[in-house]
Each structure stands twice: as structure tokens, then as C-alpha cells.
Amino acid sequence: MINLVWGLVFVLVAPVLGGLIAGIDRKITAHMQGRVGPSILQPFWDVGKLFEKENAVVNETQIFYAICYVLFMAFTGALFFAGGDLLLVIFALTLAQIFLVLGAYSANSPYSYVGAERELLQIMAYEPMVILTAVGMYAATKSFNVSDIAAATTPVVLLIPGIFLGFIYVLTIKLRKSPFDISTSHHAHQEIVKGVTTEFSGPSLGWIEITHWYETVFLLGFVWLFFAFSPVIAAIAVIVIYLFEILIDNTNARVKWQLAVKSSWAIAAVMGILNLAALYFLNGGIS
């Protein structure tokens, strides 16, 4: 029952927390660039304005895909914070991203089409490392359940440090930050044409922005899981890592999609697989 409550809390609180994180992100980014920057609450005003606009779309299918995108992302986070199966969480996360891609494809626009292609490439880039992360957590705790992993007394990050570093690498892709913001970005340093979200406007685009807030909170929860043995250390780690992501975002130019995919797969192969192999040997996997 308690786990279900945490899932409900995520659904209700994550949009507020995610919007605040987006506002803080923009504020810190502005100061790094020598600007004053908008109010921390500006993301809420922006989304509010979107819901006041006409829902102009190319076809009604776009609205359906946008709604599915937000529903499956909310389900992903709710399942995670409810202590559910990590493999099911990853499946739901991928399915949510596919709905965004389908929404871009359905517009039949060259810019939207290119954005959808880039979004698929990003999914291809980060997915192997995300799956290896789930496998690594199972190897460290003997369970795929988030509740069991969080209850582990042994620091998971100390058992799978390579996988943790690999996950932080692909976290930049998932947060849509430079140098891997190849399909869209939350900041003005992206092109005028925002790729995958080009043909979305009004309330549909507002729901997509809220979905990004859901995703940000979920991803930071995933980082917290590595340090769940100590809530204080976990909170500090989440803050430090997100600040590090902002720093990376503001000090790196975007790379080509080929480098994004190749580097992510290389990191997954080296950091992930080697860490799993080392953990296998340490656990007496070979007699």
C-alpha cells in the first residue's frame, strides 16, 4: 500500500518538481552565460501560455500520440517510485519515447521527420546502457524490484561503479543536453526548428513539456537508486550530478549523431560489460 502511495505522489508532485528543476536549470545556465535569466517559475508560465493557445495540429493522431506519451511517462515514473520491476520500468520508458517519435512521424513534415529519425537514434544510443544498468543492479542485489534495490544495505554504486559512470554518460542524452541534444533541447541554443516537436503546438506541446518534467524527476530518481543506502548521500549525489550535467551542457558543442551512437555503445561495452564481468568473478562465478 505504501508503494502505491509513492507512485501516486510521483504522478501528482513530479510535474511541480520537474518544472522547478527546469527553472533552476535555466537560471543557472543564464548565469553561466553572463545573463540574468528568467524567473525560476518561468517554465510554468510558458506551459500555461501553451494551454491558452489553439491546439493547431496537422492531424488528430498527433494529439493521441502526445497524450500516450505523457501517460506512459507518468506510468514509468509511478511504477519506479512504487518499487516495481526495473525491466518493466525500462520497457514503459522506451514505449513512451516511441509514442513521441510516432507523433513526429504522423505530421508528414520534413523537419518533424528528421527530428523523429534523430530521436530514434538517441534511443538506439542510450538503450544498451540503460538495460545494462538494470542487469548490473540485479547482479549487485539479486533483484530487479526497485524496492529491493533501494533496501539494499550494501552501497550499489560501489559494486557497479563502471555501470554508474556509463549511466551518467547516457544521462546527458536522456536529459537532452549538449553535446547530445541532437533531436531537441530545452534551451534557446538549439536551432529555431526543434526537430521532433516542430509540428506540435498549443496544449499538445504543453503536455510534451510536462512529460519532460516527469522524465527529469524519474531519471534523477534512477540516480538516487545508486546511493539509496543513505538518503542524505543520495540527495547530495543527485544535486551534484545534475549540476554537473548543466556544466556539461554549457561547455560543449553538439556532436554529430554518429559520434553520439558510437560513443554510447563504446561506453556500454567497456564500462558496463567489464563491470559485470568483474562482479561475476568477485562473486565466485568461475570456480
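Use the structure listed above.
Everything quoted here is computed from the prediction, not taken from an experiment. (Residues numbered from 1 in each chain as written. Predicted model: local features only at pLDDT ≥ 70, side-chain atom pairs only at ≥ 80, totals over all residues. Heavy atoms only, no water.)

(A) Main features of the overall build of the chain. Of the regular secondary structure elements, the chain holds 11 helices and 0 strands. Counting helices and strands in the order they occur from the N terminus, the chain gives α-α-α-α-α-α-α-α-α-α-α. For a compact globule of 287 residues, the expected C-alpha radius of gyration is about 19 Å, and the chain comes in at 19 Å, within 12% of that figure. By its C-alpha atoms, the chain is 65 × 45 × 40 Å across when sized along the principal axes. Out of the 287 residues in the chain, the part that is buried amounts to 51%. Of all intrachain contacts in the chain linking residues separated by at least 6 positions in sequence, the fraction that spans at least 24 positions is 75%. The average position of the 14 basic charges and that of the 17 acidic charges among the side chains of the chain differ by 7 Å. (Helix = DSSP H or I, 4+ residues; strand = E, 2+ residues; numbered from the N terminus. Rg over C-alpha atoms; globule rule 2.2 N^0.38 Å. Buried < 20%, exposed > 50% of the residue type's maximum accessible area, 1.4 Å probe, protein only. Contact = heavy atoms within 4.5 Å. Lys, Arg positive; Asp, Glu negative; His and termini not counted. Charge placed at Lys NZ, Arg CZ, Asp CG, Glu CD.)

(B) Geometry of the nonpolar core. Met 137 and Phe 226 are the most contacted members of the largest nonpolar core, which has 76 residues in total. Of the residues forming this core, the biggest block, 13 residues, is contributed by helix 9 (residues 202–226). Ignoring anything within four residues of it in the chain, the contact list for Met 137 reads Leu 86, Lys 142, Ser 143, Ile 149, Val 156, Ile 160, Phe 222, Leu 225 and Phe 226. (Core = buried A, V, L, I, M, F, W, Y, C linked by side-chain atoms within 4.5 Å.)

(C) Molecular detail of the side chain of Ser 204. Relative to the assigned elements, Ser 204 resides in helix 9. Exposure remark for Ser 204: the relative accessible area of 3% places this residue in the buried category. Excluding residues within four positions of it along the chain, Ser 204 makes contact with Asn 55, Val 57, Ile 63 and Ala 66.

(D) Focus on the packing of helix 4 (residues 86–106) against helix 9. The interhelical angle for the contact between helix 4 and helix 9, taken along N-to-C directions, is 155°, at an axis separation of 13 Å. Regarding the angle of helix 4 to helix 9, the classification is roughly antiparallel. The element helix 4 and its partner helix 9 pack so that their crossing is left-handed. On the side of helix 4, the interface is formed by Leu 86, Val 89, Leu 93, Gln 97 and Leu 100, while helix 9 contributes Ile 208, Glu 215, Phe 218 and Phe 222. (Axes fitted to C-alpha atoms, helices over the stretch in contact; angles between N-to-C directions. Parallel < 35°, antiparallel > 145°, perpendicular 65-115°, else oblique. Left-handed = near helix turned anticlockwise from the far one by under 90°.)

(E) Broad picture of the side chain of Lys 174. Looking at the element boundaries, Lys 174 is found in helix 8 (residues 161–174). A polar contact of 2.6 Å, which involves the side chain of Lys 174, links it to the side chain of Glu 215. Setting aside its immediate chain neighbours within four residues, Lys 174 contacts Leu 93, Gln 97, Tyr 126, Glu 215 and Leu 219. (Polar contact = N/O pair within 3.5 Å; in protein donor to acceptor, adjacent residues only side chain to side chain.)

(F) Focus on the packing of aromatic side chains. The full count for this structure, using the stated rule, is 19 aromatic pairs. With a centroid separation of 5.6 Å and an interplanar angle of 25°, the aromatic rings of Phe 80 and Phe 222 are classed as stacked. Residue Phe 80 is found in helix 3 (residues 60–81), and its partner Phe 222 is found in helix 9; the two are separated by 142 residues along the sequence. Among the aromatic residues, those joined into a ring-pair cluster are Phe 10, Phe 80, Phe 81, Phe 164, Phe 167, Tyr 214, Phe 218, Phe 222, Phe 226 and Phe 227. (Phe/Tyr/Trp six-rings, centres within 6.5 Å; stacked < 30°, edge-to-face > 60°.)

(G) Up close: the packing of helix 5 (residues 110–141) against helix 8. It is the contact of helix 5 with helix 8, at a shortest axis distance of 9 Å, that shows an interaxial angle of 150°. Helix 8 is crossed by helix 5, and the crossing has left-handed handedness. Along the contact surface, helix 5 presents Gln 122, Ala 125, Tyr 126, Met 129, Leu 132, Thr 133 and Gly 136, while helix 8 presents Ile 163, Gly 166, Phe 167, Val 170, Ile 173 and Lys 174.

(H) Examining the pattern of salt bridges more closely. For the coordinates displayed, the defined rule picks out 4 salt bridges. Put simply, Asp 46 and Arg 26 hold a salt bridge, and the shortest N to O gap is 3.0 Å. One end of the pair, Asp 46, is in helix 2 (residues 42–52); the other, Arg 26, is in helix 1 (residues 2–32), and 20 residues separate them in sequence. The class for Arg 26 is partly exposed, based on a relative accessible area of 25%. (Salt bridge = Lys/Arg side-chain N within 4 Å of Asp/Glu carboxyl O.)

(I) Main features of helix 3. Along its 22 residues, helix 3 runs 32 Å from first to last C-alpha, staying within 8% of the 32 Å computed at 1.5 Å per residue. Two residues or fewer after helix 3 comes Gly 83, characterised by a positive phi angle close to 85°. (Expected span 1.5 Å × (residues − 1).)

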